Amino acid sequence: MQYPSQAVAKPYFITAIGLFVGQILFGLIMGLQYVIGDFMFPAIPFNIARMVHTNLLIVWLLFGFMGAAYYLVPEESETELHSPLLAYLMFWIFLIAGALTIAGYLLVPYATLAEMTGNNLLQTMGREFLEQPLPTKVGIVVVALAFVYNIGMTILKGRKTAISMILLAGLIGLAVLFLFAFYNPSNLATDKYFWWWVVHLWVEGVWELIMAAILAFVLIKITGVDREVIEKWLYVIITLALVTGIIGTGHHYYWIGAPAYWQWWGGVFSALEPLPFFAMTVFCFNMVNRRRRQHPNKAATLWALGTGVMAFLGAGVWGFLHTLAPVNYYTHGSQITAAHGHLAFYGAYVMVVLTIISYAMPILRGRECNPERAQVLEMWSFWLMTVSMVFITLFLTGAGILQVWLQRVIDNPQPFMAVQDQVRIFYWLRELAGLVFLIGLVLYLVSFFVKDKPQTVAVNDVQPAAT
């Protein structure tokens, strides 16, 4: 660790992984509720489990992004963090606000929670992914602005690099676009129009900048490739991401009452959205093949390569499968959407956060990398989580294809619940794959506590003491 203030990242990383475990547990609860409708009812209804599952995903990724920024920006800027105290303060505010919000979801009826938290003053609750009470949303804005200020001041007083500037641009975009979460027009079409400005322009816009910056930083460290080479790739990737991602938002406007021209604009540019993820895959493998050093952290290298591949498959291939309007007309809102969402989030953002944690946490704990045995365990966790997520995606895709055929294509479409009964086998298989994913996540956690085998010294190797 070159700068003591980088230690701020450690509690962010630890909290991120803890919340990740919570997200997976609630995902497994939801998976069982698909096939056992009254499982844990009324303690945890399906709508609450889903809300907790998706909100934990967003919050733990934000913790991961913040930890990544606090770790890499001092090194990139060659200076200490502007205010470690502010970073720790925002950590506790964010953590307490998040914990109280989740407790509110679980312990208080949602309508009562809305009334208690001032939703009648400014109606912002009730929308997917943006269910947070008003005080929580205000807290997120305060934390985000303080975070951007802290990172921005650090960059301003130090060296400016392409990585740090792209990261800062992504973080500013993250904070600014979240402000649309406070805008809730009464017209449903208008509401959905601006709702996508948060949801889509986060995950298919500014988050891609953050992802690319983190990945570039790790690749510089583990490959030793010249910074100029990596930065050229970085400029190409983020240009493709912004051009396709911003206009490609239109593929969400097909069926919400927006003008018909969005079917063309959205279709064409969203069809191009796999390009930045394909470029990221080529970038990762190209840098590792050209590496000038064999970094001892093999697990971090594996996570970095996996991020490029899985992001392209999840966000690129599975996104393209149903992004064109003539296809989306049938697949919209089906389990194919869920398949794309699971693999895209895992491949693009979950894996890049696990990559930076895999690289940085050993250094934050005073060593260059984890011991060999720990890395073997971590690489097992990589394969268990990644392969199980691929199977989750395939099972959901199978359920989605059958659902679309039976519910929307055949001459005598069947009712929704009748179709759900016929795809139950896919839901059971998805649940089994989810259990394997949880095992992989547990192995990831355990790997950070595994110590290397103690070295035994042969008797003949002991040198006599000097007299």
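First, a word on what this report is: a plain description of the structure on this page. Counting from 1, residues in each chain are numbered in the order their sequence is written. Residue-level local features of this predicted model are given only where pLDDT is at least 70; pairs of side-chain atoms are given and counted only at 80 or more, and the full residue set underlies all totals for whole chains, interfaces and linings. To obtain the side-chain values, all non-hydrogen atoms of the structure were used and water was disregarded.

### As for the overall build of the protein chain
In DSSP terms, a helix is any run of H or I states spanning at least four residues, a strand is any run of E spanning at least two, and both are numbered starting from the N terminus. Counting secondary structure elements, the protein chain contains 16 helices and zero strands. When we talk radius of gyration, it's over C-alpha atoms, and the globule rule is simply 2.2 Å times the number of residues to the 0.38. Against the 2.2 N^0.38 benchmark of 23 Å for 467 residues, the protein chain shows a C-alpha radius of gyration of 23 Å, consistent with a compact globule. With the C-alpha coordinates of the protein chain rotated into their principal frame, the extents come out at 95 × 50 × 45 Å. For each residue, the accessible area found with a 1.4 Å probe, counting protein chains only, is set against the maximum for its type, and the residue is called buried under 20%, exposed over 50%, and partly exposed in between. Residues counted as buried form 58% of the 467 residues belonging to the protein chain. Put simply, of all contacts in the protein chain between residues at least 6 apart along the chain, 81% involve residues at least 24 apart. Whether two residues touch is decided by their heavy atoms; if any such pair falls within 4.5 Å, the residues are in contact.

### Examining the side chain of Gln132
You can see Gln132 is positioned in the loop between helix H4 (110–116) and helix H5 (134–157). Looking at Gln132, the relative accessible area reads 8%, which means it is buried. Whenever two N or O atoms come within 3.5 Å, that pair is a polar contact, provided that in protein one can donate a hydrogen and the other can accept it, and provided that, for residues adjacent in sequence, both atoms are side-chain atoms. Engagement of the side chain of Gln132 in a polar contact is seen with the side chain of Asn55, the distance being 3.2 Å. For Gln132, the contacting residues outside a window of four places in its chain are Asn55, Tyr105, Thr124, Met125 and Lys137.

### Some details on helix H3 (residues 84–107)
Here H3 contains 24 residues, and its C-alpha end-to-end distance of 34 Å stays within 8% of the 34 Å for a straight helix at 1.5 Å per residue. Considered for burial, the residues of H3 that qualify are Ala87, Met90, Phe91, Phe94, Ala97, Thr101, Ile102, Gly104 and Tyr105. Where the residues of H3 are buried, they touch helix H1 (9–35), helix H2 (46–77), H4 and H5. Helix span is expected to be 1.5 Å times the residue number reduced by one.

### Some points on empty space enclosed by the protein
The distinction between a cavity and a pocket rests on a 1 Å grid over the protein atoms alone: a 1.4 Å probe fits inside a cavity but cannot get out, while a pocket stays open yet meets protein on both sides within 12 Å along at least five of seven lines, and a residue with an atom within 4 Å of a point counts as lining. Grid points are joined across faces, edges and corners, and a volume is the space filled by probe spheres set on the points. By the definition in use, this model includes two cavities of 30 Å³ or more. Of the voids in this model, the largest cavity is the one considered here, and its volume is about 100 Å³. Lining the largest cavity are 13 residues; nearest its centre among them are Ile140, Val141, Ala144, Leu174 and Ala175. Contributions of two or more residues to the lining of the largest cavity are made by H2, H5 and helix H6 (162–177). Along the lines of polarity and charge, the residues of the lining of the largest cavity split into 13 nonpolar, no polar and no charged. In this structure, the second largest cavity occupies an estimated 30 Å³ of space. If you go around the second largest cavity, the residues you meet are Leu62, Phe65, Met66, Phe147, Leu171 and Leu174. Broken down by secondary-structure element, the contributors of at least two residues to the lining of the second largest cavity are H2 and H6. Looking at which element gives the most residues to the lining of the second largest cavity, the answer is H2, with three residues. In the scheme used here, Gly and all other residues not listed as nonpolar or charged are polar, with Ala, Val, Leu, Ile, Met, Phe, Trp, Tyr, Cys and Pro taken as nonpolar and Asp, Glu, Lys and Arg as charged.

### Let's talk about the pattern of salt bridges
Should their charged atoms come close, side chains of opposite charge can pair. The salt bridge definition used is simple: a Lys or Arg side-chain nitrogen within 4 Å of an Asp or Glu carboxyl oxygen. Counted under the stated rule, the structure contains six salt bridges. We note a salt bridge from Glu128 to Arg50, for which the minimum N-O separation is 2.5 Å. In this pair, Glu128 sits in the loop between H4 and H5 while Arg50 sits in helix H2, placing the two residues 78 residues apart along the sequence. You can call Glu128 partly exposed: its relative accessible area is 27%. A salt bridge links Arg227 to Glu76, with the shortest nitrogen-to-oxygen separation between them at 2.7 Å. Of this pair, Arg227 sits in helix H8 (residues 227–247) while Glu76 sits in helix H2; the two residues are 151 residues apart in sequence, bridging distant segments of the chain. Of the residues examined, Glu76 reaches a relative accessible area of 1% and is grouped as buried. Within the structure, one salt-bridge network assembled from shared partners comprises Glu76, Arg227 and Glu231.

### Focus on the nonpolar core
Buried together is how nonpolar side chains tend to be arranged in soluble globular proteins. Residues belong to one nonpolar core when they are buried, are Ala, Val, Leu, Ile, Met, Phe, Trp, Tyr or Cys, and are joined through side-chain atoms within 4.5 Å. Counting 145 residues, the largest nonpolar core has Phe65, Tyr70, Ile151, Trp202, Trp207 and Leu219 as the members making the most contacts within it. If one sorts the elements of this core by residue count, helix H7 (residues 188–223) sits on top with 22 residues. When sequence neighbours within four positions are dropped, the list of residues in contact with Leu219 reads Gly224, Ile230, Phe283, Cys284, Met287, Val288 and Ala304.

Just distances and angles here, no functional claims.
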